[in-house]
Amino acid sequence: MTEVYPRVALIGLGLIASSMFWAMKRRGVVGHVTGYARSAATRDTARRIGLCDTVCDSAAEAVEDADLVVLAVPVGVMGDVAAEIAPYLKPGCTVTDVGSVKKTVIEAVAPHLPEGVHFVPGHPLAGTEHSGPESGFASLFDNRWCLLVPVEGAAPEAVETLTTFWQALGANVELMDAEHHDLVLAVTSHTPHLIAYTMVGVADDLRRVTDSEVIKYSAAGFRDFTRIAASDPTMWRDVFLNNKEATLEILGRFTEELFALQRAIRTGDGDHLHAYFTRTRAIRRGII
Ligand code: NAD
């Protein structure tokens, strides 16, 4: 495969960045990859496992020759990282991010980037409940969507090249606007994570069922449903603080539906329960 970018810099070396690195190397998509993470322990781990061709001790050093800079840090620090790297970016390079929220990330990052640098925000819809530099794997993006959210006036060539890059990493690419992205993700990812965290909290609070019983008797329901509640707390705190409007809207609707089901159970309205489960099962069965 021909090289899409000669030099790539990964800022943040967790699940997403490490998976990108292994996917880039698998497909020979890029030339040289530099990496930087704020924590020295993460940088040491990255060096030990061969994550990145060069692990740098500063973000400035990592980005200075890069043709593509990927911000793969928690959503809440994207703006700070953009401010830190801005003076060192190569003119004409592309900056992208992989943040799970788009509107506030764009607002936080765009003002820091100098003229002549292309900003093409993105979000690969792929992940696991694991985090850190050792959690990544090359096939994470295979046949998954990567949404690109070009800002107004974005250079079409920069969007096209980043599209080719993500396709080479195995993903299918679509363009979307930031507000719609945040609403869609509030439904498909953010609110489900909140509910999974809550279910674990409820089980923990229920003194008549011990934690060890929950673990021991965690049959399909609890185990499947709460897997995502093992995800990184910093990442998810930042997602909710940055996607307030959409998650509150979806949470409001969720609560209404839950109350309706609660009422149906209390009043013995089996028809309501059956009709509801029939309709939602049909939708769920449509998801492969
Ligand atoms: P992670 O916790 O595995 O890694 C985060 C990395 O960022 C770590 O290496 C950490 O050291 C580094 N970091 C934190 N603050 C920093 C700073 N100020 N400067 C430099 N490095 C810093 O997280 P992840 O799962 O790889 O998530 C990264 C981004 O990708 C987040 O914005 C998240 O919303 C998004 N995302 C995550 C998933 C998922 O399922 N985990 C999926 C898609 C997108």
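Residues numbered from 1 in each chain as written. Predicted model: local features only at pLDDT ≥ 70, side-chain atom pairs only at ≥ 80, totals over all residues. Heavy atoms only, no water.

## Re the packing of aromatic side chains
Each aromatic ring pair is characterised by the separation of its centres together with the angle its planes make. Within the structure shown, the criterion is met by 6 aromatic pairs. Ring plane angle 65 degrees and centroid distance 5.5 Å describe the contact between tyrosine 5 and phenylalanine 165, whose orientation is recorded as edge-to-face. With tyrosine 5 in strand E1 (residues 5-11) and phenylalanine 165 in helix H6 (residues 156-168), the pair connects residues that are 160 residues apart, well separated along the chain. The same class applies to tyrosine 5 and to phenylalanine 165, which are both buried. On the basis of an interplanar angle of 40 degrees and a centroid distance of 5.9 Å, the ring pair of tryptophan 236 and phenylalanine 240 is categorised as tilted. (Phe/Tyr/Trp six-rings, centres within 6.5 Å; stacked < 30°, edge-to-face > 60°. Helix = DSSP H or I, 4+ residues; strand = E, 2+ residues; numbered from the N terminus. Buried < 20%, exposed > 50% of the residue type's maximum accessible area, 1.4 Å probe, protein only.)

## Considering the pattern of salt bridges
Counted by the stated rule, this structure contains 13 salt bridges. The shortest N-O distance in the salt bridge between lysine 90 and aspartate 67 comes to 2.8 Å. Separated by 23 residues along the polypeptide, lysine 90 in the loop between helix H4 (78-85) and strand E5 (94-97) and aspartate 67 in the loop between helix H3 (59-63) and strand E4 (68-71) bring together distant segments of the chain. A relative accessible area of 28% places lysine 90 in the partly exposed class. Members of the salt-bridge network, linked through shared partners, are Arg43, Asp44, Arg47 and Asp57. (Salt bridge = Lys/Arg side-chain N within 4 Å of Asp/Glu carboxyl O.)

## A short note on the domain arrangement of the protein chain
When cut into domains, the protein chain gives domain 1 (5-176) and domain 2 (180-285). Centre-to-centre, using C-alpha coordinates, domain 1 lies 31 Å away from domain 2. With 15 residues of domain 1 at the contact, the number on the domain 2 side is 16 residues. Summing both sides of the interface, domain 1 and domain 2 together bury roughly 1300 Å²; the carbon and sulfur share of this comes to 64%. If you look at where domain 1 meets domain 2, you find 1 salt bridge. A salt bridge links glutamate 129 to arginine 227; the nearest nitrogen and oxygen atoms lie 2.7 Å apart. Residues that form the side of domain 1 that touches domain 2 fall into these classes: 7 nonpolar, 5 polar and 3 charged. (Domains from an automatic or database assignment. Contact = heavy atoms within 4.5 Å. Buried area = accessible area lost by both parts, 1.4 Å probe. Nonpolar A, V, L, I, M, F, W, Y, C, P; charged D, E, K, R; others polar.)

## Comments concerning the pairing of strand E9 (residues 172-175)
In this structure, strand E8 (residues 145-148) lies alongside E9, joined through 4 bridges in parallel fashion. Paired with cysteine 146 across the two strands is valine 173, which belongs to E9. In this view, the connection linking E8 to its parallel neighbour E9 by way of H6 has right-handed handedness. (Pairing = 2+ DSSP bridges. Right-handed = clockwise from strand over helix to strand, strands pointing away.)

## Brief notes about the packing of helix H1 (residues 15-27) against H6
Remark: H1 packs on H6, axes separated minimally by 9 Å, with the N-to-C direction vectors making an angle of 85 degrees. On the basis of their axis angle, the class for H1 and H6 is roughly perpendicular. Between H1 and H6, the contacting residues are Met20, Met24 and Arg27 on the first element and Phe165, Trp166, Gln167 and Ala168 on the second. Here the contact of H1 with H6 is built from residues that sort into 5 nonpolar, 1 polar and 1 charged. (Axes fitted to C-alpha atoms, helices over the stretch in contact; angles between N-to-C directions. Parallel < 35°, antiparallel > 145°, perpendicular 65-115°, else oblique.)

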